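Here is what each chain is made of, one letter per residue.
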Amino acid sequence: AAGSPADPVPEFDWSTTDKVVSLTTRFSSRTAMDVTTIDISYGHAPMPDGGPPMLQLEMLDVGNFPFRRIQVWHPLLRLGTVDPEIGLGHGPAEWLTGGETTLHVPFSPQLASIRFTDLELGQVLETIDVRPAVLKFCAEHPEDDECDMVNNPPGVAFVPVIRGK
């Protein structure tokens, strides 16, 4: 019968051309952070849209123009405590004094830097240059179509305008 345990396991093609930028960040306080590692790999970024308005990550192009914004929970906000016996959280949320986490954003060939902003405080925490990581990844994957756009950016045509008398 179809669907029986004797049927062969179906094979799936999990390959993807999607890429994810993973940023290992260390927070020494709510407003002090640094990025210790930037890694780009093939895969899918978690669904970042619709996050709480706490920590905003703005993807910026080479002209510092934001082309995408993602909001996430602030990594230092712990939502109560977890009771290990029942596995449920309870109690008030609290701010931790420091910690480390990895944040993931989708790759884009126009990505040059990422600006981190604490929205509640209205304070920019850091702007991280990701261009070296993008260029390194694309040097290692020259066959990638998006890397072709990074390695060979479209030129701007300059056409002089001649005006008559």
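## Section: the packing of aromatic side chains
So, step 1. Under the defined criterion, the tally for this structure stands at two aromatic pairs.
So, step 2. Pairing Phe107 with Phe137 gives two aromatic rings, centres 6.3 Å apart and planes at 50°, and the pair type is tilted. Of this pair, Phe107 sits in the loop between strand 9 (99–106) and strand 10 (113–118) while Phe137 sits in helix 1 (residues 131–140), placing them 30 residues apart in sequence.
So, step 3. The buried category is assigned to Phe107, whose relative accessible area is 9%.
So, step 4. Taking relative accessible area as the criterion, Phe137 reaches 5% and is therefore assigned buried.

## Considering the side chain of Lys19
So, step 1. Tracing the sequence through the fold places Lys19 in strand 1 (residues 19–29).
So, step 2. Given the relative accessible area of 4%, Lys19 is considered buried.

## A short note on the environment of Gly63
So, step 1. Within the secondary structure, Gly63 is located in the loop between strand 3 (55–60) and strand 4 (66–72).
So, step 2. We classify Gly63 as exposed; its relative accessible area is 60%.
So, step 3. Separated by 47 residues in the primary sequence, Gly63 and Gln110 have C-alpha atoms spaced 10.0 Å apart.

Thresholds, definitions, all that
- Residues numbered from 1 in each chain as written.
- Predicted model: local features only at pLDDT ≥ 70, side-chain atom pairs only at ≥ 80, totals over all residues.
- Heavy atoms only, no water.
- Phe/Tyr/Trp six-rings, centres within 6.5 Å; stacked < 30°, edge-to-face > 60°.
- Helix = DSSP H or I, 4+ residues; strand = E, 2+ residues; numbered from the N terminus.
- Buried < 20%, exposed > 50% of the residue type's maximum accessible area, 1.4 Å probe, protein only.

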